[in-house]
Amino acid sequence: MMTHVHAFVYALVLACTVVRADPASHTDSAISWGACDKSVVNDTSLSCGYFNVPLDYQDPSVGNARLAVAKVNATGERRGTVFFNPGGPGESGIASLSQYVDLLLEVTGGVYDIVSWDPRGVGFLTTPGEVLCFDSLDEYTAFFNDTVELRGIEELDNFSNPADVDALFAQANTMQKKYEEVGQKCLQSPSGQYLKYIGTAATVRDMVAMADALESPDTPINYFGVSYGTLIGSWFRIGRVILDGVLDPVRFANYEISTHFLHYLVSVDTIYEALITGCALAGPAGCAAASTGDGPLDVDAKIQALLKAAYSAAKANSSAPLTSGQIRTDFFFDIYTPSNWSTLMNEGYPEAVQIINGETPANVSLRKRSSRHGSHLAARTGHSPPAVWCADNVNLQGTTMADVFSSIIAGTRNISHIFGAGWYTQFYLCSFWPVRSVERYQGPFDKKLANKIVIGSNTYDPITTLAGAQRLAGLLGEDAVLVRLKGFGHTAIVGEPSTCIRDTYSAYFANGTLPANNTVCEVDADFEVFPGVNTADILANLPSGVDVERQTQERG
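Being a predicted model, the structure only gives us computed values, none of them experimental. (Residues numbered from 1 in each chain as written. Predicted model: local features only at pLDDT ≥ 70, side-chain atom pairs only at ≥ 80, totals over all residues. Heavy atoms only, no water.)

> Looking at this model, I keep getting lost on the overall build of the chain. Mind explaining?
A count of helical and extended segments in the chain gives 22 helices and 11 strands. A burial count over the chain gives 61% of its 556 residues as buried. Across the chain, contacts joining residues at least 24 apart in sequence account for 77% of those joining residues at least 6 apart. (Helix = DSSP H or I, 4+ residues; strand = E, 2+ residues; numbered from the N terminus. Buried < 20%, exposed > 50% of the residue type's maximum accessible area, 1.4 Å probe, protein only. Contact = heavy atoms within 4.5 Å.)

Next up, the structure:
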C-alpha cells in the first residue's frame, strides 16, 4: 500500500492542478533581460536575468530565493513562451539552453521564446545555489578513502563468489556512518539552511510564477521536460507539453530510490549488447576493442577480461589505480549517448587496458572521461543531485546500508548483470539524507489535463525506460499520446538523431498537431554510431537472438 507520495510524480500521472504564485509574494513582477554571465554562457543569442520567488510559498516571511534565468527569442512570429527543464536533477538550465539552443528552436517551431533557469540548488548564479558539503576534492577523497564510494564495488559473475558478498557487507557499517555524516555536513554547510526549500514542488511553483510574470496568470503554460524534468510536467495549467524520458512514475512515488534504483536499469544490458555489436561490426578499423573476424561475444570477452584483470589487481593491491567497480560505473554513464560510444571504445577502453597493464599513468583513466552525468570525482564534491532526489523521495524508512547492499546484489543478479554493481552515489545517499522538502505534492489525483500532451521515449533508454513511459501514457489515457524512438540512449530527443522525432515535436508545438498514439520513429540512417555502422545495423545484429524490445518492456 502507498503511504508516501512523491512531490510530482502523482501530479504528473493523475492530476492537473493549477498552482498560482501570489504576485505579492515575490519581489520581481518581471525579468530585466541583459547579457549572460560569460562564465556560464558565451552564446550572445541568449539573454539572461534574475527572478525573485519566495523560499517557502506557504511562509513568505522566510525570505526569497533568486533564480538565474535565460531566454532565447523566437525566430518567427512569437506565440508565447516554452519553458525548458533539462532534468538531472542538478543540471543547469541556462547551460543546457545554450548547448541545445538550435535543437530547441527547431522542435518548438521557432515560434516561441524558450526560457530555462537554474533551479534552486543548481549552479552559482541562483540562490540558493550549488549544494557544497565538502570544501575541496581533497577533503572528499580523504573522507571516503578506501571505501566503495571511491573504489566502487568489486565483484565478478553476479556476486557468485561469497567472498565478494562478504567484502561488500563488511563496509556496510562504515558507509552508513559516513553517509549519515555527509548529511550532517551538508546541514551544517552554508547550503544547509536552504535544503528543505530545494525540490521539485518548489521548482514547479517557481516556473508558474515566472509564467505569470512573462505571460499572464491565465495563460496556459507550454513546457518541454527531459528526464527528471518530466516529473514537473503536469502540475500546472497545461498548454502544449512534451515529456521526454519519463521516470517510472508509480515506482518512483512508492519506493525508496536507494533500494529500488536498479529497477530503472532494465534496458542497460541490451544497450551494452548494442555497444559490443556496433564495435564488432566496425571491426578493428573502427573500434579498438575489435579484432578481424570478431563477433559481439568476442568483444564482450575482452571487456570481461578487462574487468577481471582490474578486479584481480585491486584484490592484490588496495592501491590499484583503476578498479573494476570504477570501470563499471563509468561505462554506465558513457553509454547514455551513442555518439560517445566510438570515443569510449577507441580511447577510453585502450586507456583502461594500458592502466591495468601498468603501461600508462592512472591519471588518464576512464574516471577523467566520464560523462556529464557526474560520476567522476570532481562532481561529487557537490551534492545538488542528491539534494533534489532525496528531498523529493519518500520519507526515511529506517533503511540500513546493508539493505542497500542487498538490493544491489539482487539487482545485479536479476536486473543488470553488467551495471548492477556500479556505485551510484546520488541515489544510494537518500536513505540517510536528513532532509525532505517542506512541500511534496499529495493530491488531488483525479483531474483531467486541459490539453493533450506528448510523451516521448527511446526504446532502449538506460534509466528512463519505455515501460515507464507506457505506464504514464496508460494512466493519462486519452490525455496523452506516446511517441518512441527505435534506438538507444537517454531520451528520444538527444539519444540519437531522428528527423522523425524532431518533426513530430515541432508539429505539435507549432500547430498543435498530435501524432498517432504509439508512433514509432527511426534513427536517421546517416548517423553512424561507429564508422560505417548505424543503428539499424546494430538492431539487425544484436547477439541475444531474442526479441529484446519485447523483453525490455516485460522486464519494466
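> Just checking my understanding: could you explain the packing of helix H12 (residues 296–316) against helix H14 (residues 341–356) for this structure?
A pair of packed helices is captured by two measures, namely the crossing angle of their axes and the spacing between those axes. Where H12 contacts H14, the two axes come as close as 10 Å, and the packing angle between them is 40°. When the axes of H12 and H14 are compared, the pair comes out oblique. Considering the relative orientation of H12 and H14, their crossing is left-handed. Residues Val299, Lys302, Ile303, Leu306, Ala309 and Ala310 of H12 form the contact with H14, whose participating residues are Met345, Tyr349, Ala352, Val353 and Ile356. Taken together, the residues of the contact of H12 with H14 sort by class into 10 nonpolar, no polar and 1 charged. (Axes fitted to C-alpha atoms, helices over the stretch in contact; angles between N-to-C directions. Parallel < 35°, antiparallel > 145°, perpendicular 65-115°, else oblique. Left-handed = near helix turned anticlockwise from the far one by under 90°. Nonpolar A, V, L, I, M, F, W, Y, C, P; charged D, E, K, R; others polar.)

> Before we go on, may I ask you to explain the state of the cysteines in this structure?
A disulfide bridge is the covalent bond that connects two cysteines by way of their sulfur atoms. For the structure on display, the rule yields 5 disulfides. Two residues share a disulfide in this structure: cysteine 133 and cysteine 186, whose sulfurs sit 1.9 Å from each other. Torsion about the S-S bond of the cysteine 133 and cysteine 186 cystine: about 110°, corresponding to right-handed handedness. Taken together, the residues cysteine 133 in the loop between strand E4 (113–118) and helix H4 (137–143) and cysteine 186 in helix H7 (residues 172–188) connect sequence positions 53 residues apart. We classify cysteine 133 as buried; its relative accessible area is 7%. Residue class for cysteine 186 comes out buried when judged on its relative accessible area of 0%. The disulfide partner of cysteine 500 is cysteine 521, and the S-S distance across this bridge is 1.9 Å. (Disulfide = S-S within 2.5 Å.)

> Would you take a moment to explain the nonpolar core for this structure?
As a rule of thumb, soluble globular proteins bury nonpolar side chains together. Phe224 and Met345 are the most contacted members of the largest nonpolar core, which has 160 residues in total. Counting residues per element, this core draws most heavily on helix H11 (residues 268–286), which supplies 9 residues. If we skip the residues at most four places from it in the chain, methionine 345 touches Leu275, Cys279, Cys287, Ala288, Ala289, Val299, Ile303, Phe331, Pro350 and Phe530. (Core = buried A, V, L, I, M, F, W, Y, C linked by side-chain atoms within 4.5 Å.)

> Can you walk me through the pattern of salt bridges in this structure?
For side chains bearing opposite charge, pairing can occur when the charged atoms are close. Enumeration according to the criterion identifies 10 salt bridges in this entry. A salt bridge links arginine 78 to glutamate 215; the nearest nitrogen and oxygen atoms lie 2.6 Å apart. Separated by 137 residues along the polypeptide, arginine 78 in the loop between strand E2 (64–72) and strand E3 (81–85) and glutamate 215 in the loop between helix H8 (200–214) and strand E5 (221–226) bring together distant segments of the chain. For arginine 78, a relative accessible area of 41% puts it in the partly exposed group. Salt bridges sharing partners connect three or more residues here, namely Arg78, Asp113 and Glu215. (Salt bridge = Lys/Arg side-chain N within 4 Å of Asp/Glu carboxyl O.)

> Where do I start with the sheet that holds strand E8 (residues 480–488) in this structure?
Here 9 strands make up an open sheet; going across it, the order is E1-E2-E4-E3-E5-E6-E7-E8-E9 and the pairing mixed. The sheet is open, and its two edges are formed by strand E1 (46–54) and strand E9 (519–522), each paired on a single side. The sheet shows a mean angle of 25° between the axes of neighbouring strands, taken without regard to direction. The sheet contact formed by strand E7 (residues 453–460) and E8 spans 7 bridges and is parallel. Paired with isoleucine 455 across the two strands is leucine 482, which belongs to E8. Sheet contacts for helix H19 (residues 466–476): strand E6 (238–244), E7 and E8; angle to E7, the most-contacted strand, approximately 155°. (Pairing = 2+ DSSP bridges.)

> Help me out: how do you make sense of the environment of leucine 132 in this one?
Mapped onto the fold, leucine 132 is located in the loop between E4 and H4. On the basis of relative accessibility, which here comes to 34%, the residue leucine 132 falls in the partly exposed class.

> Whenever I open this one, the packing of aromatic side chains confuses me. Can you help?
Any two aromatic rings considered together are summarised by their centre-to-centre distance and by the angle between their planes. By the definition in use, this model includes 32 aromatic pairs. Consider the rings of phenylalanine 224 and tyrosine 505, whose centres lie 5.9 Å apart with planes at 80°: the pair is edge-to-face. Of this pair, phenylalanine 224 sits in strand E5 while tyrosine 505 sits in helix H20 (residues 499–511), and the two are 281 residues apart along the sequence. Of note, lysine 178 hangs over the ring of phenylalanine 143, and the distance from its end group to the ring centre comes to 4.4 Å. (Phe/Tyr/Trp six-rings, centres within 6.5 Å; stacked < 30°, edge-to-face > 60°. Lys NZ or Arg CZ within 6 Å of the ring centre and 35° of its normal.)

> I tried to follow the side chain of threonine 81 on my own but got confused; where do I start?
Tracing the chain through its elements places threonine 81 in strand E3. One polar contact links threonine 81 to arginine 78, side chain to side chain, over a distance of 3.1 Å. Residues contacting threonine 81, with those up to four places away along its chain left out, are Tyr112, Asp113, Val115, Glu215 and Asn222. (Polar contact = N/O pair within 3.5 Å; in protein donor to acceptor, adjacent residues only side chain to side chain.)

Fair warning: the whole summary comes from geometry, so function is off the table for now.
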